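Residue-level listing of the chains:
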Amino acid sequence: QRAPPPARSDEHQPPPFHRLHPPPGLYERLLTWLWSSHSSSIVTLDTNEADIPADPARPTDANGTFSRPPPEAPPYIRRTANNRLIITVAEPVIHEGRTVGIIQLTRAASQVDRALFAIRSSILSLFLMVLVITVLLSWYLSLTIARPLLRLAASAQIMRESSGRTGTVPARLLARRDEIGDLARALQASAQALWKRMDAIERFAADVSHEIKNPLSSIRSAIETLLRIEDLNQKRRLLTIINDDVLRLDRLITDISDASRLDAEMSRAQTEAISVVPLLSVLAEIHQATRKEGEPIILTHSEGDSPEHPLRVLAVEDRLVQVLRNLIGNAISFSPPNGRILLEAVPVGNMVALSVSDEGPGIPQAKLDSIFDRFYSERPKEEHFGQHSGLGLSISRQIVDALHGTISVENRHDAQGHVAGARFTVRLPRVMA
Ligand SMILES: Nc1ncnc2c1ncn2[C@@H]1O[C@H](COP(=O)(O)OP(=O)(O)O)[C@@H](O)[C@H]1O
Ligand SMILES: [Mg+2]
């Protein structure tokens, strides 16, 4: 009989694992993996034997399908049905070259069990520790990052939805010294910049409607009177007033549309290095070429300019010309007959000062600040009505600000200390060679 009877085979062969124990869980598999990776030279088996004593004859049974541990075999470890570990060490006894027997030692490995338990519990405690740390860390992160960010998002939302100034960034977030504080401050700053811009637009609209209303109401009352009166001379006078007001409106609207486009234009325009001395010469020459009898003369003067190292500023040429034209235009209109206007370019540190001086009446001390305001215009009575919108200096200041420069005004004085005219100075960043 080659094949052993099935009953006998069943008796000796350990039944399959799943018939003894429920299928192993993740934890069991993890431990098995840990165990086998540590001692690959140890054989473990699961059996349904009783704990101790293990039948010492069984592993040596010739008909058994347990393969006998070969000489120098590693310790033999079994797990019983009670989940106890049994260690067996077998050594062949060799006499005169022949194996005469085997010495087999079997122990219940309670120490191994204890060690295993210790390992398991340490892994478990490690796992719990990591879990606690993870929970604490995510709680901390949500407290310090996620919640402040949500609060910032909420204030941004309120700012977007409400038209007023509600929804400012909480002060606690602004005071923070970390990245969230930076973000909060940036959000606050951009909101404030937007509000400032909105205010400026609102003020501009209010100023514009106010300025337009004046000539309009003047036209309306002139027309009303015109309808009532018969006198031809009076009618002609009223028509002249209407004509002036229409001119003024035209001028106003042209200037207003220029001014309102200016911001967008300045943000698009590219600054470049501009040689200022040739620019001033061209402006003076143009005036001299078209000058009529009695009109002022324009002279130029410069310092620190040479062909090798021309005096240059960082600006947008068209806009710089616009500023200079405004200043020159004012100077011409305030100059006495045949007065002199001086255009100067002088380096001052890392800036270049461009100035326009005239021999006019100068500016009253109290008005030195307000002349740059929008629609501020104070002209002699006899001056042709409708020429001046009062936007020239305000536009000039807007341009110079955008070019990172400054514009200022002072009165010139003669030897006796009397006001001898006005001097407007524009300072712009200098471009070194
Ligand atoms: N060179 C100057 N001399 C005296 N006053 C001046 C001079 N330039 C400007 N001003 C005063 O500043 C005001 C504002 O000037 P500006 O903004 O150019 O408006 P506008 O020229 O339309 O009146 C003028 O109305 C005038 O009163
Ligand atoms: Mg002007």
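Here the structure is a predicted model, which means the values were calculated and not measured.

Between helix α6 (residues 179-228) and helix α7 (residues 232-268), the shortest axis-to-axis distance is 8 Å and the interhelical angle comes to 165 degrees. Classified by the interaxial angle, the pair formed by α6 and α7 is roughly antiparallel. Handedness of the crossing formed by α6 with α7: left-handed. Partitioning the contact of α6 with α7 into residue classes produces 19 nonpolar, three polar and six charged.

Moving on, we get to the environment of Asp318. For Asp318, the location among the structural elements is in helix α9 (residues 317-334). Classification of Asp318 by relative accessible area gives exposed; the value is 55%. In this structure, the C-alpha to C-alpha distance between Asp318 and Ala269, residues 49 residues apart in sequence, is 9.8 Å.

Taken from the UniProt record, the annotation "transmembrane region" (unreviewed entry) applies to residues 123-141. Structurally, residues 123-141 comprises 100% helix and 0% strand, and the distance from its first C-alpha atom to its last is 26 Å.

So, about the pairing of strand β3 (residues 85-95). Across four bridges, strand β2 (residues 76-79) lies against β3 in antiparallel orientation. What sits directly across from Ile77, in β3, is Ile87. Counted along the chain from β2 to the antiparallel partner β3, the turn is five residues long, and its residue Asn83 has a positive phi close to 70 degrees. Note: β3 against strand β4 (residues 98-108), 10 bridges, orientation antiparallel. Pairing of Ile94 across the sheet is with Thr99, part of β4.

Attention now moves to the nonpolar core. In terms of nonpolar packing, the biggest core is built from 49 residues, with Leu343, Phe424 and Leu428 touching the most fellow members. Of all the elements, α9 adds the most residues to this core, at seven residues. Here this core spans two domains, and each of domain 2 (203-265) and domain 3 (270-431) adds at least three residues to it. Each residue touching Leu428, except ones within four places of it in the same chain, is listed here: Val313, Ala315, Leu320, Asn350, Met351, Val352, Leu354, Val400, Leu403 and Gly405. Residues Met159, Val169, Ile180 and Ala191 belong to the second largest nonpolar core, which totals eight residues.

Here the focus is the site of ligand 1. Taken together, 18 residues sit near ligand 1, with Asp358, Ser377, Glu378, Arg379 and Gly390 positioned nearest. Within the side chain of Asn330, an N or O atom sits 2.8 Å from an oxygen atom of ligand 1. At 2.6 Å from an oxygen atom of ligand 1 is found a side-chain nitrogen or oxygen belonging to Ser377. Here ligand 1, which alone exposes 530 Å², has 95% of that area covered by the protein. With respect to the detected pockets, ligand 1 is housed in the largest pocket. Secondary-structure elements contributing two or more residues to the shell around ligand 1 are α9, α10 (392-402) and β11 (419-431). When the residues that make up the shell around ligand 1 are grouped by side-chain class, the tally is eight nonpolar, seven polar and three charged.

The next point concerns the pattern of salt bridges. A complete count under the given rule lists 11 salt bridges for this structure. The shortest N-O distance in the salt bridge between Asp258 and Arg261 comes to 3.1 Å. With a gap of three residues between them, Asp258 and Arg261 both fall in helix α7, about one helical turn apart. The class for Arg261 is partly exposed, based on a relative accessible area of 45%.

With that out of the way, let us pick up the packing of aromatic side chains. Taken as a whole and judged by the stated rule, the model has one aromatic pair. Taking the centre distance of 6.3 Å and the plane angle of 75 degrees together, the rings of Phe372 and Phe424 count as edge-to-face. Taken together, the positions of Phe372 in the loop between β9 (351-357) and α10 and Phe424 in strand β11 put the pair 52 residues apart, joining distant regions of the chain.

Thresholds, definitions, all that
In every chain, residue numbers begin from 1 and rise along the written sequence. Chain letters and ligand numbers both follow the written order, the letters beginning at A and the numbers at 1. Local features in a predicted model are, by the rule used here, given only for residues with pLDDT of at least 70; side-chain atom pairs are given and counted only at 80 or more, and totals for whole chains, interfaces and linings are based on all residues. As a rule here, side-chain values cover all heavy atoms of the structure and leave hydrogens and water aside. Orientation is described by axes fitted as lines to C-alpha atoms, over the contacting stretch for helices, and by angles from 0 to 180 degrees between their N-to-C directions. Helix and strand definitions here come from DSSP, where helices need a minimum of 4 consecutive H or I residues and strands a minimum of 2 consecutive E residues; each element is numbered from the N-terminal end. Angle categories are assigned with fixed cut-offs, so that under 35 degrees is roughly parallel, over 145 is roughly antiparallel, 65 to 115 is roughly perpendicular, and the rest are oblique. Helix crossings are classified by the rotation of the near helix relative to the far one: an anticlockwise turn of less than a right angle makes the crossing left-handed, while a clockwise turn makes it right-handed. Residues are sorted three ways: Asp, Glu, Lys and Arg are charged, Ala, Val, Leu, Ile, Met, Phe, Trp, Tyr, Cys and Pro are nonpolar, and all the rest, Gly among them, are polar. The cut-offs for exposure are 20% and 50% of the maximum accessible area for each residue type, with area from a 1.4 Å probe on protein chains only; residues under the lower value are buried, those over the upper are exposed, and the others partly exposed. UniProt positions are given in the numbering used here, feature names are shortened, and annotations may be inferred rather than shown by experiment. We call two strands paired when DSSP finds no fewer than two bridges between them. Residues grouped as a nonpolar core are buried Ala, Val, Leu, Ile, Met, Phe, Trp, Tyr and Cys residues, joined through side-chain atoms within 4.5 Å. Segmentation of the chain into domains, including their bounds, is taken from an automatic or database domain assignment. Whether two residues are in contact is decided by their heavy atoms: any pair within 4.5 Å suffices. Nearness is defined per residue: one heavy atom within 4 Å of the molecule or strand is enough. Within 3.5 Å is the distance limit for a polar contact, defined as a pair of N or O atoms, with the added protein rule that one can donate a hydrogen and the other accept it, and that residues adjacent in sequence qualify only through two side-chain atoms. Every accessible area reported is derived by Shrake-Rupley at a probe size of 1.4 Å, with residue values counting cover from the shown protein chains alone. Here a cavity denotes a set of grid points, spaced 1 Å apart and computed over the protein atoms alone, in which a 1.4 Å probe fits but from which it cannot get out, and a pocket denotes an open set meeting protein on both sides within 12 Å along at least five of seven lines; residues with an atom within 4 Å of a point are reported as lining. Think of it this way: if more than half of a molecule's atoms are within 2 Å of a pocket's grid points, that molecule is in the pocket or cavity. Salt bridges, as used here, are contacts in which a Lys or Arg side-chain nitrogen is within 4 Å of a carboxyl oxygen on Asp or Glu. A pair of aromatic rings is counted whenever rings of Phe, Tyr or Trp (Trp by its six-membered ring) have centres within 6.5 Å, and the orientation is called stacked for planes under 30 degrees apart, edge-to-face for over 60 and tilted otherwise.

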